Amino acid sequence: MASRNSARNTLMLAPVLDLNEATVLHERLLALKGGAVAIDASAVERVGALCVQVLMAAARSWEADRLSFTFAEVSDAFIKATQLIGADIGPLMAKEI
């Protein structure tokens, strides 16, 4: 029997991650709880601090559960916004082997 932990789900983020999107993002992440997750932020044009907080809290939750939580793809706008906010997503970036 295959473990649910072995399956990796990809979550495509919306282009605009503002206050209105924070609850939607939280709900989408909760639906993926219990399995590995790869975040695709390649289409993100704008991101607010609350959505970054939701993502960082999810990363910590996945880490506590000993599950993979990575950013597979990120846009320049996403990287710049997280740097401005002071969030370090570097350790969460998917690494090529």
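No experiment lies behind these values; they were computed from the predicted model shown.

Q: How would you explain the packing of helix 1 (residues 19–31) against helix 2 (residues 49–64) if you had to name every residue and give the values?
A: One can describe the packing of helix 1 onto helix 2 by two numbers: an axis separation of 8 Å at closest approach and a directional angle of 15°. With respect to their mutual orientation, helix 1 and helix 2 come out roughly parallel. Between helix 1 and helix 2 lies a crossing of right-handed hand. Listed contacts from helix 2 to Leu 19, Glu 21, Ala 22, Leu 25, His 26 and Leu 29 of helix 1 are Leu 50, Cys 51, Val 54, Leu 55, Ala 58 and Trp 62.

Q: Give me the side chain of Thr 70: which residues, what numbers.
A: For Thr 70, the position within the fold is in strand 5 (residues 69–74). Given a relative accessible area of 15%, Thr 70 falls into the buried group. Reaching out from Thr 70, the side chain makes a polar contact with the side chain of Arg 8 at a distance of 3.1 Å. For Thr 70, the contacting residues outside a window of four places in its chain are Arg 8, Val 37, Ala 38, Ile 39, Leu 92 and Ala 94.

Q: Would you mind going over the sheet that holds strand 3 (residues 36–41) in detail, with residue names and values included?
A: Overall, parallel pairing links the three strands, which are arranged 1-3-5 in an open sheet. Of all strands in the sheet, those with a lone pairing partner are strand 1 (8–12) and strand 5, marking the two edges. With strand direction ignored, the average angle separating the axes of adjacent strands in the sheet is 25°. The pairing of strand 3 with strand 5 spans five bridges and is parallel. Within strand 5, the position partnered with Ala 38 by the bridge is Thr 70. Sheet strands in contact with helix 1 are strand 1, strand 3 and strand 5, and its direction is about 170° off that of strand 1.

What counts, and where the lines are drawn
Residues numbered from 1 in each chain as written. Predicted model: local features only at pLDDT ≥ 70, side-chain atom pairs only at ≥ 80, totals over all residues. Heavy atoms only, no water. Axes fitted to C-alpha atoms, helices over the stretch in contact; angles between N-to-C directions. Helix = DSSP H or I, 4+ residues; strand = E, 2+ residues; numbered from the N terminus. Parallel < 35°, antiparallel > 145°, perpendicular 65-115°, else oblique. Left-handed = near helix turned anticlockwise from the far one by under 90°. Contact = heavy atoms within 4.5 Å. Buried < 20%, exposed > 50% of the residue type's maximum accessible area, 1.4 Å probe, protein only. Polar contact = N/O pair within 3.5 Å; in protein donor to acceptor, adjacent residues only side chain to side chain. Pairing = 2+ DSSP bridges.

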